[in-house]
Amino acid sequence: MSWGNCYFYYRCPSCGKRFKYATDMISVFGDDFGRCPDCHEPCTPEREGAIIPEDALYPEVED
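What counts and how
- Residues numbered from 1 in each chain as written.
- Predicted model: local features only at pLDDT ≥ 70, side-chain atom pairs only at ≥ 80, totals over all residues.
- Heavy atoms only, no water.
- Salt bridge = Lys/Arg side-chain N within 4 Å of Asp/Glu carboxyl O.
- Helix = DSSP H or I, 4+ residues; strand = E, 2+ residues; numbered from the N terminus.
- Buried < 20%, exposed > 50% of the residue type's maximum accessible area, 1.4 Å probe, protein only.
- Core = buried A, V, L, I, M, F, W, Y, C linked by side-chain atoms within 4.5 Å.
- Contact = heavy atoms within 4.5 Å.
- Pairing = 2+ DSSP bridges.
- Polar contact = N/O pair within 3.5 Å; in protein donor to acceptor, adjacent residues only side chain to side chain.

Visitor: So what exactly am I meant to see when it comes to the pattern of salt bridges here?
Guide: A side chain with one charge may pair with a side chain of the opposite charge, provided their charged atoms come close. Enumeration over the complete set of coordinates arrives at five salt bridges. Residues Asp55 and Lys20 are paired through a salt bridge, measuring 2.6 Å at the closest nitrogen-oxygen approach. Placement of Asp55 in the segment after strand 3 (45–49) and of Lys20 in strand 2 (residues 18–22) is noted, with a sequence separation of 35 residues between them. Comparing Asp55 with Lys20 shows no difference in burial state: the two are buried.

Next up, the structure:
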């Protein structure tokens, strides 16, 4: 059984933007993984794991 994609869900402490990164993109983003896509500040994940009920509030950061 597969749970599907796993994500790190973030809210930027500087600008307040919500976003998520798929865990399979760690190697693509490298040191930028977990940084805010708008202001580029490093962020701490609020949650991690399979898709959460509030998933639509967190746009995915894509390459």
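Visitor: Quick question: what am I supposed to make of the nonpolar core here?
Guide: Side chains that are nonpolar tend, in soluble globular proteins, to be buried together. Counting 16 residues, the largest nonpolar core has Tyr10, Phe19, Tyr21, Phe29, Phe33 and Cys43 as the members making the most contacts within it. Looking at this core, the elements that each hand over two or more residues are strand 1 (7–11) and strand 2. If you tally residues by element for this core, the top one is strand 1, at four residues. With residues near it in sequence (within four places) discarded, Phe19 still touches Phe8, Tyr9, Tyr10, Cys12, Gly34, Arg35, Cys36, Pro37, Cys43, Tyr58, Pro59 and Val61.

Visitor: Where do I start with the pairing of strand 1 in this structure?
Guide: Looking along a regular strand, one sees side chains alternate from face to face of the sheet. Along strand 1, four of the five residues are buried, which leaves the element largely enclosed by surrounding structure. Two strands pair when backbone bridges link them, and strand 1 and strand 2 are joined in this way by five bridges, in the antiparallel orientation. Bridge pairing in strand 2 places Tyr7 opposite Ala22. Counted along the chain from strand 1 to the antiparallel partner strand 2, the turn is six residues long, and its residue Gly16 has a positive phi close to 85°.

Visitor: Just to check I follow, could you spell out the environment of Tyr9 for this structure?
Guide: Secondary-structure assignment places Tyr9 in strand 1. When the C-alpha positions of Tyr9 and Cys43 are compared, they lie 9.8 Å apart, and in sequence the two are 34 residues distant. Ignoring any residue separated from it by four or fewer positions in sequence, one finds Tyr9 in contact with Phe19, Lys20, Pro45, Glu46, Arg47, Gly49, Ala50, Ile51, Ile52, Asp55 and Tyr58. At 2.7 Å, the side chain of Tyr9 forms a polar contact with the side chain of Asp55.

Functional significance is not addressed by these values, which are geometric in nature.
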